[in-house]
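Each chain, written out:
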Amino acid sequence: MRILKQEIYFPIIVGIHLIFWCIDLYFFSGNFTEVDSDTMFFGRLQNASGLNSHRIIGEIFSSWVVTVFAFNFLMATRAKWVENLFGGLDKMYLIHKRSGVIAVILLLAHFIVVPRAIDFNPGKPLGFYALILILIGVIVSAVPVFKKKIPYHKWINFHKLMGVFYTLGVIHGFMVDSLIKQLPITRIYVFSMAMIGILAWVYKAFLFDLFNKKLNYAVKQVKNLGNNITELELVAQNKSLNFKAGQFAFFTFPSINKREQHPFTISSHPHQKNLKITIKGLGDYTDNFANKVNINDDVFVEGPYGKFSSGYSKEKEQVWIAGGIGITPFLALINDYYTNKVVLYWCVNNESEAVYKTPLETIAKSNPLFEFILWNSEKRGHITVDDLSIRDPEKRAYLICGPKALKENITKQLKQEGVKQSSIYDEEFTFR
Ligand SMILES: Cc1cc2nc3c(=O)[nH]c(=O)nc-3n(C[C@H](O)[C@H](O)[C@H](O)COP(=O)(O)OP(=O)(O)OC[C@H]3O[C@@H](n4cnc5c(N)ncnc54)[C@H](O)[C@@H]3O)c2cc1C
């Protein structure tokens, strides 16, 4: 169950803040007029007449920034309860990404609006440096051109510095003479969130590996399936991973790189003894993977994560749509127990990419509840909801895994056919 969708996540954060601010301001007995200050665009403020609105609005922006980033650091801990709230790590990282951008816009708004006390305070330049660093951090993290140019492992190392930039911002908040410090509820909330954010970052950056012991597996079999696709079978060296069909985990292959961790869906079913993953070469790490690993190589597995499951809608007939390597969760799910009909459409660019065609056809022949249709996009164009020719589409459940464009197009068309979002489940294959 996905509790926190972004449609409700942001209003909750904004709403909680406003409630605290309103209560505090209602009971505030101090003086709003004491700030004789400069603003960036609104000139000098000598607000002797009453409410210093610049100060209030500017500080509301900053308190949002503190909490939005604090939640982002909490998300980065990959804690199970946080993942559960967001309905899967992939969904959570999507919100994490958007929150970062929103936080930076709020930060700029704070900088523009908030009055600057005329007296020197070392917290002021510190806040300015934090602003510049956070701005650079979010631009590098979120702007597509940087994401394309910078390899993931370098990008993630830089991204981890966000915690340092954030801490500088929080120290600035402690040092400057702020209204928040005079508001009891808002003060406790904002500074507690700041502490939670910093602690979450410290935990993820320095303690995560200590508390999350990875499971040791070894490579048992390497199959080069052609088309730059490699299937690996992994055998547990001591404890096995406890997972559900459709979930994924993070894999480290020390023989390739001791520190790099990549997410791959587990394509074997939990009742099978060994783990299987299928890797498509999509970048420097995964390219030509079959030639990078050897039998008996160590593999460290952290997980499981994800909520992609056919279990949500067992009572309904299901339509599964996979694009390319997005077939991997379905390879596990076909071995799950289901009592209603399932039709799997696998969209590939050409037949040579359909490396699991034969086993899927074999299962379809022996299981009357499972139908398999291979969709060759080169010959038939991109699949549409009309091509699925489903009777009463709104009565079915849909599981989609594949390229972003496929997911977005199919979801949009399904909604036009009257299918509710709650009957559509998808899996993101990218975190940044
Ligand atoms: C939930 C999930 C399940 C996935 N399951 C599969 C699967 O079953 N089979 C498969 O072939 N691929 C799967 N992927 C994609 C796979 O993780 C990436 O293709 C792989 O990590 C690319 O690494 P690269 O260095 O070769 O490519 P790059 O060119 O460096 O990266 C391509 C993109 O992959 C993502 N990526 C790269 N490295 C990482 C990393 N360490 N952690 C997170 N994301 C990264 C980034 O979005 C990056 O932009 C899955 C991804 C996710 C998020």
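Residues numbered from 1 in each chain as written. Predicted model: local features only at pLDDT ≥ 70, side-chain atom pairs only at ≥ 80, totals over all residues.

A. Focus on the site of the ligand. Taken together, 27 residues lie around the ligand, and Tyr 152, Gly 283, Tyr 285, Thr 286 and Thr 328 are the ones closest in. Going through the elements one at a time, β7 (262–265) and β8 (275–280) are the ones with two or more residues in the shell around the ligand. Top contributing element to the shell around the ligand by residue count: β7, with four residues. Classifying every residue of the shell around the ligand gives eleven nonpolar, nine polar and seven charged. The two domains that each donate at least three residues to the shell around the ligand are domain 1 (6–211) and domain 2 (215–305). (Near = placed C-beta within 6 Å. Helix = DSSP H or I, 4+ residues; strand = E, 2+ residues; numbered from the N terminus. Nonpolar A, V, L, I, M, F, W, Y, C, P; charged D, E, K, R; others polar. Domains from an automatic or database assignment.)

B. The arrangement of the nonpolar core in detail. Grouped together as the largest cluster of nonpolar side chains are 54 residues, with contacts concentrated most on Trp 320, Ile 321, Ala 322, Phe 330, Leu 344, Trp 346 and Tyr 398. Here this core takes six residues from strand β11 (residues 342–348), the largest share from any one element. Not counting chain neighbours up to four residues away, the residues in contact with Trp 320 comprise Phe 330, Val 342, Leu 344 and Leu 399. Phe 20, Phe 86, Met 92 and Val 170 belong to the second largest nonpolar core, which has 38 residues in total. (Core = buried A, V, L, I, M, F, W, Y, C linked by C-beta atoms within 7 Å. Buried ≥ 20, exposed ≤ 12 C-beta atoms within 10 Å, placed from the backbone. Contact = placed C-beta atoms within 7 Å.)

C. Layout of helix α1 (residues 6–27). Spanning 22 residues, α1 covers 32 Å between terminal C-alpha atoms, matching the ideal 32 Å at 1.5 Å per step. Considered for burial, the residues of α1 that qualify are His 17, Phe 20 and Trp 21. Down the axis of α1, the buried set is contained in an arc of 95 degrees. They therefore lie on one face. The exposed set on the far side of α1, more than 90 degrees from its buried face, consists of Glu 7, Ile 8, Pro 11, Ile 12, Gly 15, Leu 18, Cys 22, Tyr 26 and Phe 27. (Expected span 1.5 Å × (residues − 1). Arc of directions from axis to C-beta.)

D. Local environment of the sheet that holds strand β13 (residues 397–401). Reading across the sheet, the five strands line up as β12-β11-β10-β13-β14 and stay open at both edges, with parallel pairing between neighbours. Two strands in the sheet have a free side with no partner beyond their single neighbour: β12 (370–376) and β14 (424–427). For this sheet, the mean inter-axis angle between neighbouring strands, taken without regard to orientation, is 15 degrees. (Pairing = 2+ DSSP bridges. Axes fitted to C-alpha atoms, helices over the stretch in contact; angles between N-to-C directions.)

E. How the structure looks around the environment of Lys 412. Position of Lys 412 among the secondary structure elements: in helix α14 (residues 404–416). Judged by C-beta crowding, with 10 C-beta atoms within 10 Å, Lys 412 ranks as exposed. Between the C-alpha atoms of Lys 412 and Phe 308, which are 104 residues apart in sequence, the distance is 19 Å.

F. Geometry of the pairing of β13. Counted residue by residue, β13 has five buried out of five residues, so it is predominantly covered. Taking every second residue as pointing to the same face, both faces of β13 are buried, with Ala 397, Leu 399 and Cys 401 on one and Tyr 398 and Ile 400 on the other. Across five bridges, strand β10 (residues 318–323) lies against β13 in parallel orientation. Across the sheet, the residue bridging to Gln 318 is Ala 397, located in β13. Pairing of β13 with β14, which is carried by four bridges, proceeds in the parallel orientation. From the neighbouring strand, Ile 400 faces β14, where its bridge partner is Asp 426. Assessed by its sense of winding, the connection that carries the chain from β13 through α14 to β14 is right-handed. (Right-handed = clockwise from strand over helix to strand, strands pointing away.)

G. Expanded view of the environment of Cys 401. As for its placement among the helices and strands, Cys 401 is situated in strand β13. Assessed through the 27 C-beta atoms surrounding it within 10 Å, Cys 401 is described here as buried. Between the C-alpha atoms of Cys 401 and Thr 328, which are 73 residues apart in sequence, the distance is 8.7 Å. Residues within four places of Cys 401 in sequence aside, it is in contact with Phe 308, Ala 322, Gly 326, Pro 329, Asp 426 and Glu 427.

H. Inspection of the domain arrangement of the protein at higher detail. Assigned domains within the protein: domain 1 (6–211), domain 2 (215–305) and domain 3 (313–427). Taking only C-alpha atoms, the centre of domain 1 and the centre of domain 3 are 41 Å apart.

I. Quick look at the sheet that holds strand β4 (residues 215–226). Strand order in the open sheet formed by six strands is β7-β6-β9-β4-β5-β8, and the pairing between neighbours is antiparallel. Each of the sheet's edge strands pairs with one partner strand only, and the pair in question is β7 and β8. In this sheet, neighbouring strand axes are inclined to one another by 40 degrees on average, regardless of whether the strands run parallel or antiparallel. Bridge count between strand β5 (residues 229–236) and β8: six bridges; the pairing is antiparallel. Of the residues in β8, the one forming a bridge with Leu 234 is Leu 275.

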